[in-house]
Amino acid sequence: MAGQVGSALAVIAVLAALAAAVVAVVRLRARRGIATAMQRATYDVLHTAALAAEPLRAGLTTATAGKAVRHLRSLVGAVGLTIDDGTRSLAFDGRGSHHGEQFTAAAKRALATHRSVVLTPADLPCDRVDCVVRGAVVSPLSGPDGRATAALVAVADDQPAPGLVQATAEAARWAGSQIALAELDTSRERLARAEVRALRAQISPHFIYNALTAIASFVRTDPERARELILEFAEFTRYSFRAHGEFTTLAEELRSIDRYLTIERARFGDRLQVRLQIAPEVLPVGLPFLCLQPLVENAVRHGLSRKPGVGMVSIEARDAGAECHITVEDDGVGMDPAVFAPGRPETDDGQHVGLTNVDERLRSVFGDHFGLVVDTAPGAGTKVSMRVPKFHPGVRA
C-alpha cells in the first residue's frame, strides 16, 4: 500500500513539473511576442546605423571608410558598395569591385553636379561572364552645408529600382552628416587652441608690465624679495605659455594663481586680501587650461584695483558629487551686467578680460550647461561661478 502511495506521489510530481515547464514556455513565447516585426526591423536599422556612425565620426579616411562600408551596404541593401572620393575608392564591400574605374568616374560627376547619378547596364560594360553588376546608384556624401568630398556608390544586380535610389541618397545624406560632425569636432579643437593663444596674448601685456614694475621697485630696497618675485614670475610665465596640453588640473591652475597673486600682492600690499577654500578631493579634477586664472585677474584688475582701501578676493572649490563647483568672488566696484550681454564685444580697456573666452571654451568642452555664471552690479562686487564635471570623456590633464 505504501509503495502505491509513493508511486502516485511520484507521478503527481512529474505532472507538476511538466505543467510548470509548459507555463514557462508559454510565458517565454508571449514575452518574445512583445517585439513586433516592425520593432525588430527598426532596432536592426538603428543598430547598424550606430555601427557605421562610430568610424565616420572620426572623419573620412581609408581606415574609417573600411570600417563603415560594410554597415552602410547593409543599410542600403546593395550587392556591393563603395565610398569613392572621385579619384579612387576609399573602401569597397561586396561584389562589383572590378568596375572601380567606372564608379570613380561616376562619383566625380556626382560630386561636380551635387546630384545623384544612376548607372544602367549600358554605362557599365563588362566582358566578365560571371559579372552580376547591372547598375549602380551614386550619391554625394553631402553634409548640412551641401559640401561633399566623397560619394556613396551602391551596386545593383538588376536595373536600379526607385527604392535603391532613395535608400542610397538617404544613406549618403546621413553619412555626410556624420562626417560633417567629425569636421565640426576638429574645428572646435582648433578653435579652442586658437582661443588659448588669443587669451595668452590678451593677458600677458596687462600683467607683464605691472609685474616687472613691481619687481623693479624692490631691486634696491629689498633685493631678496625682488629675487623671489622674479622666480615666481618666471614659473608663472612658464606655465601660462607652455606649448603642450589643452587641459590641466585644478591643483596646477591654483598653483599658477598663487604665483600670480604673490606678484600682485607685491604691487597692492595690504590692500589685496585673498581667501581660499579648496576641498582636497577636487584638486585632481581636469579642466581647460587657463580657465580659472582669467577670473582671478578680472577680480584684481577690474574689481579691486579701482576700489579705495582694502579688497578681498575669495576663491572656493567645492565637491558637489559628480561635479566640482568653483567660484571667484571680489568685493570690488562691480560691473554693469549689460557688459556680458550675448554678442557684445569686449571693451577697449579689457573689461571682463577673458571671461567670454573662458565661457566659450567651457561650453565647447563640457556642453552648453557648463558655462560661466556672472553675478555683478555697480558697487556690489562680482561673483563668477563655474561647474566642472569630475570626469568627462576626452579631458585628460
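Residues numbered from 1 in each chain as written. Predicted model: local features only at pLDDT ≥ 70, side-chain atom pairs only at ≥ 80, totals over all residues. Heavy atoms only, no water.

### Quick look at the pattern of salt bridges
Throughout the structure, instances matching the rule amount to twelve salt bridges. As a salt-bridge pair, Asp-130 and Arg-128 come within 3.5 Å of each other at their nearest N and O atoms. As a salt-bridge pair, Asp-319 and Lys-390 come within 2.4 Å of each other at their nearest N and O atoms. Here Asp-319 is found in strand S9 (residues 311–320), whereas its partner Lys-390 is found in the segment after strand S12 (382–389), with 71 residues between them in sequence. On the accessibility criterion, Lys-390 (19% relative accessible area) is buried. (Salt bridge = Lys/Arg side-chain N within 4 Å of Asp/Glu carboxyl O. Helix = DSSP H or I, 4+ residues; strand = E, 2+ residues; numbered from the N terminus. Buried < 20%, exposed > 50% of the residue type's maximum accessible area, 1.4 Å probe, protein only.)

### Some details on the environment of Ile-315
With respect to the helices and strands, Ile-315 occurs in strand S9. In the structure, Ile-315 is positioned 39 residues away from Leu-276 in sequence and 5.0 Å away in space, judged by C-alpha atoms. Those residues in contact with Ile-315, other than ones at most four positions away along the chain, are Leu-254, Ile-257, Leu-261, Arg-275, Leu-276, Gln-277, Ile-278, Val-296 and Thr-327. (Contact = heavy atoms within 4.5 Å.)

### Quick word on the packing of helix H7 (residues 250–268) against helix H8 (residues 293–304)
Contact geometry for H7 and H8: axes closest at 10 Å, N-to-C directions at 20 degrees. Taken together, the axes of H7 and H8 are roughly parallel relative to one another. As for how H7 packs across H8, the hand of that crossing is right-handed. Contacts between H7 and H8 pair Glu-253, Ile-257, Tyr-260, Leu-261, Glu-264 and Phe-268 from the former with Gln-293, Val-296, Glu-297 and Val-300 from the latter. Looking at side-chain class alone, the contact of H7 with H8 contains six nonpolar, one polar and three charged residues. (Axes fitted to C-alpha atoms, helices over the stretch in contact; angles between N-to-C directions. Parallel < 35°, antiparallel > 145°, perpendicular 65-115°, else oblique. Left-handed = near helix turned anticlockwise from the far one by under 90°. Nonpolar A, V, L, I, M, F, W, Y, C, P; charged D, E, K, R; others polar.)

### Considerations on the sheet that holds strand S2 (residues 89–94)
With respect to topology, five strands assemble into an open sheet ordered S2-S1-S5-S4-S3, the strand pairing being antiparallel. The outermost strands of the open sheet, each flanked by one partner alone, are S2 and strand S3 (117–119). Strand-to-strand, the axes of this sheet are offset by a mean angle of 15 degrees, without reference to chain direction. Note that strand S4 (residues 135–140) and strand S5 (residues 151–156) share six bridges and pair antiparallel. Following the sheet pairing, Pro-140 is matched in S5 by Ala-151. (Pairing = 2+ DSSP bridges.)

### Some thoughts on the packing of aromatic side chains
In this description, an aromatic ring pair is defined by two values, namely the gap between the centres and the angle between the planes. Applying the stated criterion across every chain, the model contains four aromatic pairs. Both rings, one in Tyr-239 and one in Phe-289, keep their centres 5.1 Å apart while their planes meet at 65 degrees; by these two values the pair is edge-to-face. Of this pair, Tyr-239 sits in helix H6 (residues 223–240) while Phe-289 sits in the loop between strand S8 (286–288) and H8, placing them 50 residues apart in sequence. What makes Tyr-239 buried here is its relative accessible area of 11%. Here the guanidinium or amino end of Arg-225 rests over the ring plane of Phe-218, the centre of that ring lying 4.8 Å away. (Phe/Tyr/Trp six-rings, centres within 6.5 Å; stacked < 30°, edge-to-face > 60°. Lys NZ or Arg CZ within 6 Å of the ring centre and 35° of its normal.)

### Examining the pairing of S2
Look at any regular strand and the pattern is simple: side chains alternate between the two faces of the sheet. Examined bridge by bridge, strand S1 (residues 80–84) and S2 share five bridges and lie antiparallel to one another. Considered in S2, the bridge of Ile-83 is made with Ala-91. What sits between the antiparallel neighbours S1 and S2 is a turn of four residues, in which Gly-86 has the positive phi angle 90 degrees.

### Quick look at helix H2 (residues 37–56)
End to end, H2 covers 29 Å across 20 residues, agreeing with the expected 28 Å (1.5 Å per residue, within 8%). For H2, the complete set of buried residues consists of Thr-48, Ala-49, Ala-52, Ala-53, Pro-55 and Leu-56. Projected onto a plane normal to the axis of H2, the buried residues spread over an arc of 165 degrees and lie on a single side. Exposed residues lying more than 90 degrees from the buried face of H2 are Tyr-43, Leu-46 and Glu-54. (Expected span 1.5 Å × (residues − 1). Arc of directions from axis to C-beta.)

### Digging into the environment of Leu-372
Looking at the secondary structure, you find Leu-372 in the loop between helix H9 (355–366) and strand S11 (373–376). C-alpha of Leu-372 to C-alpha of Ser-385: the two residues are 13 residues apart in sequence and 5.8 Å apart in space. Leave out the neighbours within four places in its chain, and Leu-372 touches Leu-295, Leu-355, Val-358, Asp-359, Leu-362, Arg-363, Val-384, Ser-385 and Met-386.

### Quick notes on the packing of H6 against H7
The axes of two packed helices give the description: the angle between them and the distance between them. At a closest axis distance of 9 Å, the pairing of H6 and H7 adopts a crossing angle of 140 degrees. As H6 runs across H7, the sense of the crossing is left-handed. When H6 is examined against H7, the residues Arg-225, Leu-229, Glu-232, Phe-233, Glu-235, Phe-236 and Tyr-239 are found in contact with a partner set consisting of Glu-252, Glu-253, Ser-256, Arg-259, Tyr-260, Thr-262, Ile-263 and Ala-266. The residue makeup of the contact of H6 with H7, split by class, is seven nonpolar, two polar and six charged.

### Focus: unusual backbone geometry
Even without a glycine there, the phi angle at His-114 is positive, about 60 degrees. Mapping His-114 onto the fold places it in the loop between helix H4 (100–113) and S3. In this structure, Leu-290 is a non-glycine residue whose phi angle is positive, near 60 degrees. Counting through the fold element by element, Leu-290 comes out in the loop between S8 and H8. We classify Leu-290 as buried; its relative accessible area is 2%.

### Looking at the confidence of the model for the protein chain
Summing up the model confidence of the protein chain, the mean pLDDT is 81 and the portion of residues at 70 or higher is 79%. Taken together, the stretch residues 1–19 has pLDDT below 50 and engages in zero contacts with residues farther than four places along the chain or on a different chain. (pLDDT = per-residue confidence, 0-100.)

### Points about the sheet that holds strand S7 (residues 272–278)
Strand order in the open sheet formed by five strands is S7-S9-S10-S12-S11, and the pairing between neighbours is mixed. If you trace the sheet from one side to the other, it starts and ends with S7 and S11, each paired once. Across the sheet, the mean angle from the axis of one strand to that of its neighbour is 10 degrees, orientation sign disregarded. Running over the sheet, H7 touches S7, S9 and strand S10 (323–330) and is turned about 165 degrees from S7.

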